[in-house]
Amino acid sequence: MGVHDVVPDLSAEGTRRFTKAVLHDLHALEELLARGMIECCPRRLGAEQELFLIGDTGRVAPVATEGLARLDDDRFTTELARFNLEMNLPPVELAGSCFRELEDTLAAMLQQVRDAARLEGARPVMTGILPSLGKSDLSLDNITPFARYRALNDATGRLRGGAPYTLRLEGADSLHIEHDSVMLEACNTSFQIHLQVGHEEFGPVYNAAQALAGPVLASAANSPLLFGRRLWRETRIALFQQSIDTRRATPHLRELTPRVRFGDRWVERSVLELFQEDVARFPVLLTRPVSEDAMAKLEAGEPPLLQALQLHNSTVYSWNRPCYGVLDGKPHLRIECRYLAAGPSIADEVANAAFWCGVVLGLLDEVGDVSDRMEFDDARANFVAAARYGLKTGFTWLDGATVSASDLILDTLLPMAAEGLRDVGIAESEIQARLGVVEARVASGRTGANWLVESFGRLKDAGSMAERLTALTMVTADRQAEGLPVHQWPPAELGGSHGWEGAHARVEQVMTTELFTVTEDELVDRVAFMMDRKQLRQVLIEDTEHNLVGIVSYRSIVRLLAQGGLTPTEALPVRSVMSVDPVSVTPETPSVDAIELMRKHRVSALPVIKDGKLVGLVSEQSFMAVAQDLLRQKLEGRD
């Protein structure tokens, strides 16, 4: 996402010209490969670290552009949202103590972000999905103010025909929401690893990376929560695919390929297959000025940058993505592992990098091209299952064998990874230290995802939902600063220092979304029954499109009873007693403003409306729970 000089005018003519440049670059890449110009060694490792920025209350802090101005370092760049940052680590040779070098660089750059963010009242946190993130944080007000991001939002919206982005996920809880922009993507942050690969070996290495995606993901899952719902162990996988999906619904069984994808076949010959497939399947999404003639540079003996092809490649989101680049005047190929979440700690991330590199190379050495021993559909199914279930996944492995995630990782893949790292000259002490973190994590069952779910469960009866999610965010940031890997983290606890104020600042953090509603034609007697059965003080009236129509209060029912309106024979509709045009608020309304509205209008509850639709209810009872917690904390502090 680091290229900003895109052209938001995606006219038909402009798109055709850029598509021509993409095809021109594709031909140049074919020539580069045919002439053997791709650098084959040394083997290098690179990484990209994505971050959230949060304030003292645990809420997102949209200060990325201000922080970048203070950093004044081109290794740091923007992401889609103003509360995200990306750090681009310089590549290192995969040998010796390279993982120590990677860890030291990562720690130093993270400290730079901490120092810059502190001056803006913020701090960074590494996590796949921020627990305290609210849906209202994903408004276009928080999109980074660069042309690329607006163009991305406009382009994906146009391809979708203006249809809303729908997110549907099922786990221990369920989530089904709509959103009006591409900003759902900003829920995700990752730790992306780049492995340089020679042209001749690219196919077998890429196939190994695909085969291992499921087990590696299971060992490192770190994103089980979204908007307070317990979903997949690595919710980012489904969330990212749905948040950037440009497909429209079709009237019949037509297959449309998502831009976020695992793939549909093994690589048979070369990297060219992947680039050709993506250009054939996916139209241009973004454009940029192209200042080079790739073929002319090639004929002059200079390596082309392939600017058009690289931008198109950046808008096709393969979980293992092929990449082309030029370093020190030499063109090279990389495999970018994109599915690993950010966090939980630097130690965990570097261990994940070592495990991934080692096991990919180890599998290549042990079995050659894995496509001879495994069905591609099994590799893809393994990946989706790992995202859903983490270490509880059962995998279909080589030659159709079935094995549990823990057994496969501990008994087969970790020893294989150790051999793969030894073969490229990684120091033995480094191998033991890095793979030891993965081994302890898997053996204990304490992945980042499992730590979050366990902590969330332990906090079930402690404070409000918003307080619990804020505590998880703040404890994660604190533990990261301590530097220990996640398998050594005790469960999170609710504490006064963990952003109590931020947990109740806005209506969406205290409102209830479990609503009991009826239509205006419903029987009044049933509303009375609902109030008695569910201990409700008010029932909201909506139409079939979830538009708010009115509200019925407990006092309205009592008044009707007093007037003799509820008789055994009369069947009154709700419209006869409901109040129309009730005072309402939005999820973004400050809590203190909502309280003031209830006092001013002498009502005990306010419907919560977003884009004209009913999404929640905030009531006196909501704030009574907050007041109780506040009084308890004040009294405990006084003691």
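Check the entry above for the structure.
Quick caveat: nothing in here was measured; it's all calculated off a predicted structure.

S.K.: What is the right way to read the overall build of the protein from this model?
M.R.: Each helix and strand counted, the protein has 19 helices and 21 strands in total. By the compact-globule yardstick of 26 Å for 639 residues, the protein fits well, its C-alpha radius of gyration being 27 Å. A principal-axis box enclosing the C-alpha atoms of the protein has dimensions of 90 × 60 × 55 Å. Taking all 639 residues of the protein together, the buried fraction comes to 56%. Contacts in the protein between residues far apart in sequence, at least 24 positions, make up 73% of those at least 6 positions apart. On the protein, roughly 26,900 Å² of surface is accessible, and the fraction owed to carbon and sulfur atoms is 49%. Here the protein contributes 66 positively and 90 negatively charged side chains, and the mean placements of these two sets differ by 5 Å.

S.K.: So what exactly am I meant to see when it comes to the environment of Ala296 here?
M.R.: Relative to the assigned elements, Ala296 resides in helix H8 (residues 294–299). The sequence separation of Ala296 and Asp137 amounts to 159 residues, and the corresponding C-alpha distance is 47 Å.

S.K.: What am I meant to see in the packing of aromatic side chains here?
M.R.: Under the criterion given, the structure shown has 11 aromatic pairs. Geometrically, the ring pair formed by Phe146 and Tyr149 is tilted, given 6.5 Å between the ring centres and 45 degrees between the ring planes. The class for Phe146 is partly exposed, based on a relative accessible area of 30%. Residue Tyr149 is classed as buried on the basis of its relative accessible area, which comes to 0%.

S.K.: What am I meant to see in helix H7 (residues 272–281) here?
M.R.: Structural remark: α-helix, 3.6 residues per turn; residues separated by three or four positions point the same way. Restricting attention to buried positions, one finds in H7 the residues Leu272, Glu273, Leu274, Phe275, Asp278 and Val279. At its buried positions, H7 is contacted by helix H1 (12–34), helix H5 (202–220), strand S10 (260–261), helix H9 (307–314), strand S11 (317–318) and strand S12 (320–327).

S.K.: Would you explain the sheet that holds strand S16 (residues 517–518) in this entry?
M.R.: In sheet architecture, strand pairing relies on hydrogen bonds along the backbone and comes in two forms, parallel and antiparallel. Pairing is mixed across the open sheet formed by 4 strands, whose spatial order is S16-S17-S18-S19. Here the strands that pair on one side only, and so sit at the sheet edges, are S16 and strand S19 (579–580). As defined by bridge partners, S16 adjoins strand S17 (residues 538–542) across 2 bridges and the pair is classed as parallel. Counted as the bridge partner of Val518 is Ile541 from S17.

S.K.: How should the pairing of strand S1 (residues 44–55) be read in this particular structure?
M.R.: Here is the key point about a regular strand: its side chains alternate between the two faces of the sheet. For S1, the tally of buried residues reaches 12 of 12 residues, placing the bulk of the element in the interior. Here S1 shows no split at all, with Arg44, Gly46, Glu48, Glu50, Phe52 and Ile54 on one side and Leu45, Ala47, Gln49, Leu51, Leu53 and Gly55 on the other all buried. For S1 and strand S3 (residues 84–93), the ladder comprises 8 bridges, and the chain directions are antiparallel. Of the residues in S3, the one forming a bridge with Leu45 is Val92. Bridging between S1 and strand S7 (residues 191–197) involves 5 bridges; their strand directions are antiparallel. Among the inter-strand pairings, Leu45 is bridged to a residue of S7, identified as Leu195.

S.K.: I'm lost on the nonpolar core in this one. Help?
M.R.: In summary, soluble globular proteins display a tendency toward joint burial of nonpolar side chains. Formed by 156 residues in total, the largest nonpolar core has its most connected members in Phe99, Tyr339, Phe355, Trp356 and Leu363. Leave out the neighbours within four places in its chain, and Tyr339 touches Leu212, Ala213, Val216, Leu217, Arg236, Ile237, Trp319, Asn320, Trp356 and Phe383. Counting 15 residues, the second-largest nonpolar core is a separate cluster that includes Val524, Met531, Leu536 and Val539.

S.K.: How should I be thinking about the pattern of salt bridges in this particular structure?
M.R.: Pairing between side chains of opposite charge can happen when their charged atoms approach one another. This structure, assessed with the given rule, holds 38 salt bridges. Note that Asp278 and Arg261 form a salt bridge whose closest N and O atoms lie 3.7 Å from each other. Taken together, the residues Asp278 in helix H7 and Arg261 in strand S10 connect sequence positions 17 residues apart. Both residues of the pair, Asp278 and Arg261, count as buried. If you follow the salt bridges from partner to partner, you end up with Arg261, Asp264, Arg265, Glu277, Asp278 and Arg281 in one network.

S.K.: Would you mind going over the packing of helix H10 (residues 346–367) against helix H13 (residues 428–444) with me for this structure?
M.R.: Each pair of packed helices can be summarised by the angle the axes make with each other and by the distance between the axes. Put simply, H10 and H13 touch, their axes get as near as 8 Å, and they point 105 degrees apart. When the interaxial angle is binned, H10 and H13 end up roughly perpendicular. Where H10 approaches H13, its residues Ala347, Asp348, Val350, Ala351, Asn352, Ala354 and Phe355 are matched on the opposing element by Arg434, Leu435, Val437, Val438 and Arg441. Along the lines of polarity and charge, the residues of the contact of H10 with H13 split into 8 nonpolar, 1 polar and 3 charged.

S.K.: Where do I start with H13 in this structure?
M.R.: With 17 residues, H13 extends 24 Å from end C-alpha to end C-alpha; this agrees with the ideal 24 Å at 1.5 Å per step. The largest bend along H13 reaches roughly 25 degrees and is located at Gly436. All of the buried residues along H13 are Glu430, Ile431, Arg434, Leu435, Val437, Val438, Arg441 and Val442. Here the buried face of H13 lies against helix H3 (98–118), H5, H10 and helix H12 (405–423). Looking one or two residues beyond H13, the residue adopting positive phi is Gly445, at roughly 70 degrees.

S.K.: When you look at the state of the cysteines in this model, what are you seeing that I'm missing?
M.R.: Among covalent bonds in proteins, the disulfide is the one between the sulfur atoms of two cysteines. Under the counting rule described, the total for this entry stands at 0 disulfides. Its sulfur unpaired, Cys323 is 11 Å from the next cysteine sulfur, which belongs to Cys337. Exposure remark for Cys323: the relative accessible area of 6% places this residue in the buried category. Just so you know, Cys357 is unpaired, no disulfide at all, and the nearest cysteine sulfur is the one on Cys98, 7.6 Å from it. Judged by relative accessible area, Cys357 falls into the buried class, the value being 0%.

What counts as what
- Residues numbered from 1 in each chain as written.
- Predicted model: local features only at pLDDT ≥ 70, side-chain atom pairs only at ≥ 80, totals over all residues.
- Heavy atoms only, no water.
- Helix = DSSP H or I, 4+ residues; strand = E, 2+ residues; numbered from the N terminus.
- Rg over C-alpha atoms; globule rule 2.2 N^0.38 Å.
- Buried < 20%, exposed > 50% of the residue type's maximum accessible area, 1.4 Å probe, protein only.
- Contact = heavy atoms within 4.5 Å.
- Areas by Shrake-Rupley, 256 points an atom, 1.4 Å probe, with all protein chains shown as cover.
- Lys, Arg positive; Asp, Glu negative; His and termini not counted.
- Charge placed at Lys NZ, Arg CZ, Asp CG, Glu CD.
- Phe/Tyr/Trp six-rings, centres within 6.5 Å; stacked < 30°, edge-to-face > 60°.
- Pairing = 2+ DSSP bridges.
- Core = buried A, V, L, I, M, F, W, Y, C linked by side-chain atoms within 4.5 Å.
- Salt bridge = Lys/Arg side-chain N within 4 Å of Asp/Glu carboxyl O.
- Axes fitted to C-alpha atoms, helices over the stretch in contact; angles between N-to-C directions.
- Parallel < 35°, antiparallel > 145°, perpendicular 65-115°, else oblique.
- Nonpolar A, V, L, I, M, F, W, Y, C, P; charged D, E, K, R; others polar.
- Expected span 1.5 Å × (residues − 1).
- Bend = angle between axes of the 7 residues up to and from the residue.
- Disulfide = S-S within 2.5 Å.

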